[in-house]
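A closer look at the structure
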Amino acid sequence: MELALELNNARKKARIVFAGRKDFGFLEAWRKDLGDEQNPRMKDAMEFAQLATYRFEAHSAIQPYAKSIVDIGDHISSHQQIEVAGLVLMKCDWFPPSEVLGVCHFRRTWSNNIILDYLAAYPFIARAPTNYPHIVNGVGIAFLYFLAQIANKYECKAIWGEATLLSHGYYQKQFKLELVEDLIFTPKAKFLEFLERPEIKELAWSGDGTSTSPALAQVYAMETKNPP
């Protein structure tokens, strides 16, 4: 899936791809770049990215993992109550520090919900150091768009997951939920409303160079202030 992000306020194309064990080399580069930084948002980003790959390594031998969006549907067709997981990376060729901008681990449950297990951006995207020259917007919201599209395609009942002290407000605002504490619970009506918002539709890459609308700029500003 190709989605629109921003680099230094210029619209850029990124792609979400399904990952396997051979794709985890980015973690060493992220960790080297992070160094001894102690900022909690930077550290959380590194930790959750690592946990996402640990989850894949521990579970891929005992449960199905999709290699494409279509793959999810094929697993469901073979067994309506199957649980199928996915590990996806957001990649690009325009961000100098890393080809991988973010990582997301999710599952389709036996009762047809989507669980968001882990979502993380490159640490200096999650929180840019002072005077950092590569300001990227939209990694988190693009992953939420991707998950909502899957939930819509397979008629899932809800998207849910665990929120942290630092991230719960982000999910509450992006999905326009009444309250999010440690549980993110986004029923179908809410994730469909999310997909129908004009600024969220802008996330689908059109390739036409259209500038970011003020409404989407506000979404990006919210993410910068309070990353997922």
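Our subject is the structure that appears above.
Here's what I pulled together on the structure shown here. (Residues numbered from 1 in each chain as written. Predicted model: local features only at pLDDT ≥ 70, side-chain atom pairs only at ≥ 80, totals over all residues. Heavy atoms only, no water.)

1. Topic: the pattern of salt bridges
For side chains bearing opposite charge, pairing can occur when the charged atoms are close. In total, this model carries 10 salt bridges according to the counting rule given. One salt bridge in this structure joins E99 and K91, with 3.7 Å as the shortest N-O distance. Take E99: its relative accessible area is 43%, and that puts it in the partly exposed class. Accessibility expressed as a relative area gives 16% for K91, which makes it buried. Bridged by salt links that share partners, the residues R55, E83, R107 and D117 form one connected network. (Salt bridge = Lys/Arg side-chain N within 4 Å of Asp/Glu carboxyl O. Buried < 20%, exposed > 50% of the residue type's maximum accessible area, 1.4 Å probe, protein only.)

2. Describing the sheet that holds strand β4 (residues 100-108)
Strand order in the open sheet formed by 8 strands is β6-β1-β2-β3-β4-β5-β7-β8, with mixed pairing between adjacent strands. At either margin of the open sheet sits one strand with a lone partner, and together these are β6 (136-137) and β8 (183-187). Alignment of β4 against strand β5 (residues 114-121), held across 7 bridges, turns out to be antiparallel. Bridge assignment links V103 to a residue of β5, and that residue is A120. Against the sheet, helix α2 (residues 40-59) engages β3 (84-91), β4 and β5, with an angle of about 135° to β5. Contacts from helix α5 (residues 139-153) reach β1 (2-7), β2 (10-18), β3, β4, β5, β6 and β7 (158-162), with the element oriented near 160° to β5. (Pairing = 2+ DSSP bridges. Helix = DSSP H or I, 4+ residues; strand = E, 2+ residues; numbered from the N terminus. Contact = heavy atoms within 4.5 Å. Axes fitted to C-alpha atoms, helices over the stretch in contact; angles between N-to-C directions.)

3. Notes on the nonpolar core
Ranked by size, the top nonpolar core spans 75 residues in total, and within it F95 and L101 carry the most contacts. Top element by residues in this core is α5. It accounts for 11 residues. Filtering out sequence-adjacent residues up to four positions away, L101 remains in contact with L5, A14, W30, M90, C92, W94, F95, A120, A121, Y122, I125 and V139. (Core = buried A, V, L, I, M, F, W, Y, C linked by side-chain atoms within 4.5 Å.)

4. Quick look at the packing of α5 against helix α7 (residues 188-196)
Close contact between α5 and α7 brings their axes to 10 Å; oriented N to C, the two are set at 120°. On the basis of the axis angle, α5 is oblique to α7. When you trace α5 past α7, the crossing you get is left-handed. Side by side, α5 and α7 meet where I141, L144, Y145, A148, Q149, A151 and N152 of the first sit next to F191, L192, F194 and L195 of the second. The residue inventory of the contact of α5 with α7, partitioned by class, reads 9 nonpolar, 2 polar and no charged. (Parallel < 35°, antiparallel > 145°, perpendicular 65-115°, else oblique. Left-handed = near helix turned anticlockwise from the far one by under 90°. Nonpolar A, V, L, I, M, F, W, Y, C, P; charged D, E, K, R; others polar.)

5. Some thoughts on the packing of aromatic side chains
Think of a pair of aromatic rings as described by two things: how far the centres are apart, and how the planes are tilted against each other in angle. Under the defined criterion, the tally for this structure stands at 13 aromatic pairs. Pairing F18 with F106 gives two aromatic rings, centres 6.4 Å apart and planes at 70°, and the pair type is edge-to-face. Taken together, the residues span a long stretch of sequence, with F18 in strand β2 and F106 in strand β4 at a distance of 88 residues. A single burial state applies to F18 and to F106, both of which are buried. Three or more aromatic residues joined by ring pairs form one cluster here, namely F26, W30, F95, Y122, F124 and Y132. (Phe/Tyr/Trp six-rings, centres within 6.5 Å; stacked < 30°, edge-to-face > 60°.)

6. Here we look at the pairing of β7
As paired strands, β5 and β7 are joined by 3 bridges and run parallel to one another. Considered in β7, the bridge of I114 is made with I159. The pairing of β7 with β8 spans 5 bridges and is classified as antiparallel. In the strand pairing of β8, I159 is matched with T186.

7. Some remarks on the packing of α5 against helix α9 (residues 214-225)
For the pair α5 and α9, interaxial distance at closest approach is 8 Å and the crossing angle is 110°. Comparing the axis directions of α5 and α9 gives the class roughly perpendicular. Seen from α5, the contacting residues are V139, G140 and I141; seen from α9, they are V219, Y220 and E223.

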